[in-house]
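The residues making up each chain are set out below.
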Amino acid sequence: MLQTIPQLRSFAQSQRQSGKRVGLVPTMGALHEGHLSLVKLSQEQCDTTVVSIFVNPTQFGPNEDFAKYPRTLENDLRLLETHGSPAVFVPNAAEMYPNGFDTSIRVGNVALPFEGAIRPGHFDGVATVVLKLFLASQADAAFFGQKDFQQLCVIKKMVADLNVPIEIVMGPTIREPDGLAMSSRNRYLSPDDRCRAAVLSQSLFAAERMIIRENIRQAEAIKQKISDHILAAGGMTIDYVSVADSLTLRELETIDRQTVILLAARIGAIRLIDNVLVENAV
Ligand code: PAF
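Residues numbered from 1 in each chain as written. Predicted model: local features only at pLDDT ≥ 70, side-chain atom pairs only at ≥ 80, totals over all residues. Heavy atoms only, no water.

As for the site of the ligand
Taken together, Pro26, Thr27, Met28, Asn56, Gln59, Val129, Val130, Phe144 and Gln151 make up the full set of residues adjacent to the ligand. At 2.7 Å from an oxygen atom of the ligand is found a side-chain nitrogen or oxygen belonging to Gln151. Protein coverage of the free-state accessible area of the ligand, which is 290 Å², stands at 89%. For the shell around the ligand, the secondary-structure elements that each account for two or more residues are strand E1 (22-27) and helix H6 (122-137). Counted by class, the shell around the ligand contains 5 nonpolar, 4 polar and no charged residues. (Near = heavy atom within 4 Å. Polar contact = N/O pair within 3.5 Å; in protein donor to acceptor, adjacent residues only side chain to side chain. Areas by Shrake-Rupley, 256 points an atom, 1.4 Å probe, with all protein chains shown as cover. Helix = DSSP H or I, 4+ residues; strand = E, 2+ residues; numbered from the N terminus. Nonpolar A, V, L, I, M, F, W, Y, C, P; charged D, E, K, R; others polar.)

So, in structure tokens, the structure goes:
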């Protein structure tokens, strides 16, 4: 297990010097099938895979769940051993943010709406830690899940703007049999709330059908349908439902290009996000 940045750097350097393509899967641990699918994708596309496990304090707001975020390192390491034994980087907070650390990466417009509006500073924390991981690992490719679609857009923009020499690969959202997107936070749902949570993906899939099969193109009608669907299940509040251009994340009035439908909702104290890409919206 690699614990310091010099250890990670020299490991990755030796791999690259021997001609190996290095893949990085950044995580905050509490690993589930979604993470493991990214590890598999990296193993398919790269010779060496590094999984980082670090619950990054700078991406949590003061009233968010940093202290309660699940930390399951022993189980995570066991899971990784049965999934091809990638190298694992597990730094502590002082390693990533030594005393006096005073730099932050702020990505522009793509980071402002949706999660960025509700969680101010969140994407600064994400971009900063991810860039540190990219620089320390010198990975050739990094793997992120579609579930955190806005995060993926923020990271792609940072990489493009700062000319970071790394390929960003998106893995599909991995879902439970009833459609709920896998998330480390799902374990905190009560059994009733867990059942109810399936309505989030169901409402997105129904919206996708409206667009593709019924050719409904007004974003407002789609958003209304999704909200009604979710609220009818009861016990949930909606933070946002948005229909946006999947490249710029600008809100759309008419669905006439590659589109992403994003939502965030709260079930009790648990906040869940999900999205679908409507690839053939044009
Ligand atoms: O998606 C996550 O788990 C985190 O935001 C990431 C990318 C590991 C950065 O801390």
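Focus: the pattern of salt bridges
Under the criterion given, the structure shown has 17 salt bridges. For Asp239, the salt bridge is made with Arg266, and the minimal N-O distance between the two is 2.9 Å. Taken together, the residues span a long stretch of sequence, with Asp239 in strand E6 (residues 236-245) and Arg266 in strand E7 (residues 259-267) at a distance of 27 residues. According to the relative accessible area criterion, Asp239 is partly exposed, its value standing at 25%. Sharing partners across several salt bridges, the network here consists of Glu115, Asp239, Arg266 and Arg271. (Salt bridge = Lys/Arg side-chain N within 4 Å of Asp/Glu carboxyl O. Buried < 20%, exposed > 50% of the residue type's maximum accessible area, 1.4 Å probe, protein only.)

Quick look at empty space enclosed by the protein
Within this structure, the stated rule accounts for 1 cavity of 30 Å³ or more. Each pocket or cavity is described by its volume, and for the largest cavity that value is around 40 Å³. Forming the walls of the largest cavity are Lys147, Leu180, Ala181, Leu200, Leu272, Ile273 and Asp274. (1 Å grid on protein atoms, 1.4 Å probe; cavity = no way out; pocket = protein on both sides within 12 Å on 5 of 7 lines; lining within 4 Å. Points joined across faces, edges and corners; volume = space filled by probe spheres on them.)

Just geometry here; none of it tells us what the structure is for.
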